[in-house]
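# An overview of the molecular structure
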Amino acid sequence: MEKLDIHIVGLGNLGSAFLKGLNIVDGINLFLYEDLDVVRQSINDEFSITPDDSIISIQNGVLILCIKPQNINNFFTNNKDKIDPDVLICSPVAGLEIKTIESFIDNKILRIMPNLLIGDNKGFIPYVSNYDGDYFTFKKNVLAKLGAIKEFDEAMFPIITALSGSGPAWYYELSSQLVNSGQELGLSLDDSEMIIKELVKALPTLVAEDSSFKDLVEQVKSPNGTTEAGLNSLNNDSFDRIILDAIQKATHRSTEISRELSNE
Ligand SMILES: NC(=O)c1ccc[n+]([C@@H]2O[C@H](COP(=O)([O-])OP(=O)(O)OC[C@H]3O[C@@H](n4cnc5c(N)ncnc54)[C@H](OP(=O)(O)O)[C@@H]3O)[C@@H](O)[C@H]2O)c1
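What you see is a predicted model, and the numbers here were worked out from it, not measured in a lab. (Residues numbered from 1 in each chain as written. Predicted model: local features only at pLDDT ≥ 70, side-chain atom pairs only at ≥ 80, totals over all residues. Heavy atoms only, no water.)

Further remarks concern the overall build of the chain. Broken down by element type, the chain carries eleven helices and seven strands. A burial count over the chain gives 37% of its 264 residues as buried. Relative to all contacts within the chain whose residues are 6 or more apart in sequence, the contacts with residues 24 or more apart total 59%. Accessible surface for the chain amounts to roughly 15,700 Å². Of this, 53% is attributable to carbon and sulfur atoms. For the chain, the separation between the mean place of its 22 positive charges and that of its 39 negative charges on side chains is 3 Å. (Helix = DSSP H or I, 4+ residues; strand = E, 2+ residues; numbered from the N terminus. Buried < 20%, exposed > 50% of the residue type's maximum accessible area, 1.4 Å probe, protein only. Contact = heavy atoms within 4.5 Å. Areas by Shrake-Rupley, 256 points an atom, 1.4 Å probe, with all protein chains shown as cover. Lys, Arg positive; Asp, Glu negative; His and termini not counted. Charge placed at Lys NZ, Arg CZ, Asp CG, Glu CD.)

Given below as structure tokens:
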């Protein structure tokens, strides 16, 4: 069977996570593009492949667009004539709607919102497309190897971006605050950091697919125990409201970026 060409444009955080996750995928040829010298060098050091600094021509396969929203306009202005109409455009760009990409180019478009866990093939990849079926069997043979995939209505993308795309950041920030608390209360920074890292590493084995998070909280607290004392304090300090506000702000920003991109 012929190999599928996969072109990754932008090898920053997400582009390099794709590259890492795609390492285990058979039947693909990788082509990389990155305009920063320092990033090209670090990709070469880590993966022994040197990205090109610009696109000459993409005639088939899939183009995965791992560049920032503010670079999109320039990208299509400079490159749309170098991309064959048969190429599938796969966009993880936060806030970039299919209709905005369609205003630049006529190709088939797959919008996704992965997070960095695709680098360990444990991502969650929501998707929506402007075509039926599985063009190039890309969803089944490539995306699904990087994590769980699920189709959503595009109207849900701002909230999905806030929950899942930015998701690792919520857990990193919570963990960072737990480390600070340990240090504040007498542990060394190293010990506190180690305790929380070990905890986070162990969590996947504790999260049963069929239990809700609410159930899991109930399971770890005992009446009048230490966990309950801390949970009561969180509730009294409106932890639910703090989290809801943060997710609302992130969702709102995603919607705002969509508006900015479609007005450009
Ligand atoms: N990071 C995440 O967890 C995450 C999750 C979901 C979705 N996303 C989306 O993924 C995209 C990339 O995010 P990121 O965090 O990976 O950004 P990033 O670390 O800034 O990486 C983007 C890289 O692409 C390069 N670049 C820009 N335009 C280029 C072009 N025309 N040709 C070649 N290289 C180009 C950038 O170089 P310059 O600095 O020179 O522009 C930069 O090195 C964003 O649109 C973001 O919304 C990210």
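It is worth spelling out the pattern of salt bridges at this point. By the definition in use, this model includes ten salt bridges. Of the charged contacts in the structure, one is a salt bridge between Glu-260 and Arg-253, with a shortest N-O distance of 3.0 Å. Where salt bridges share partners, they join Arg-253, Glu-256 and Glu-260 into one cluster. (Salt bridge = Lys/Arg side-chain N within 4 Å of Asp/Glu carboxyl O.)

Partitioning the chain into domains gives domain 1 (4–152) and domain 2 (167–255). Averaged C-alpha coordinates put domain 1 and domain 2 at centres separated by 33 Å. (Domains from an automatic or database assignment.)

Once that is clear, we can look at the site of the ligand. By nearness alone, 22 residues border the ligand, and Leu-14, Glu-34, Asp-35, Ile-67 and Ala-94 come closest of all. Contacts to the ligand include Glu-34, whose side-chain N or O atom sits 2.9 Å from an oxygen atom. For the ligand, the accessible surface in isolation is 890 Å², of which the surrounding protein chains cover 80%. Partitioning the shell around the ligand into residue classes produces 15 nonpolar, four polar and three charged. (Near = heavy atom within 4 Å. Polar contact = N/O pair within 3.5 Å; in protein donor to acceptor, adjacent residues only side chain to side chain. Nonpolar A, V, L, I, M, F, W, Y, C, P; charged D, E, K, R; others polar.)

In an α-helix, one turn spans 3.6 residues, which is why side chains three or four residues apart end up on the same side. Within helix α3 (residues 72–79), the full set of buried residues consists of Ile-72, Phe-75, Phe-76 and Asn-79. Viewed along the axis of α3, the buried residues span an arc of 90°, placing them on a single side of the element. Residues of α3 that are exposed and point more than 90 degrees away from the buried face comprise Asn-74, Thr-77 and Asn-78. In this structure, the buried residues of α3 make contact with β1 (4–9), β3 (62–65) and α4 (98–102). (Arc of directions from axis to C-beta.)

With that settled, consider helix α2 (residues 37–47). Among the residues of α2, those classed as buried are Val-39, Arg-40 and Ile-43. Taken end-on, α2 shows its buried residues confined to a sector of 105°, consistent with a single buried face. Those residues of α2 that are exposed and angled more than 90 degrees off the buried face are Asp-37, Val-38 and Asp-45. Contact partners of the buried residues in α2: α1 (13–22) and β2 (28–33). One or two steps after α2, the chain reaches Ser-48, where phi turns positive at roughly 55°.

Moving on to the sheet that holds strand β5 (residues 109–112). Sheet strands line up and pair through hydrogen bonds in the backbone, either parallel or antiparallel. Strands sit in the order β2-β1-β3-β4-β5-β6-β7 across an open sheet of seven strands; the sheet is mixed. At either end of the open sheet lies a strand with only one pairing partner, and these are β2 and β7 (147–151). Ignoring which end each strand starts from, the neighbouring axes of this sheet average 25° apart. In terms of strand pairing, β5 meets strand β6 (residues 123–129) through three bridges, oriented antiparallel. Bridged to Arg-111 within β6 is Val-128. Together, β1, β2, β3 and β5 form the strand contacts of α1, whose direction differs from that of β1 by roughly 150°. (Pairing = 2+ DSSP bridges. Axes fitted to C-alpha atoms, helices over the stretch in contact; angles between N-to-C directions.)

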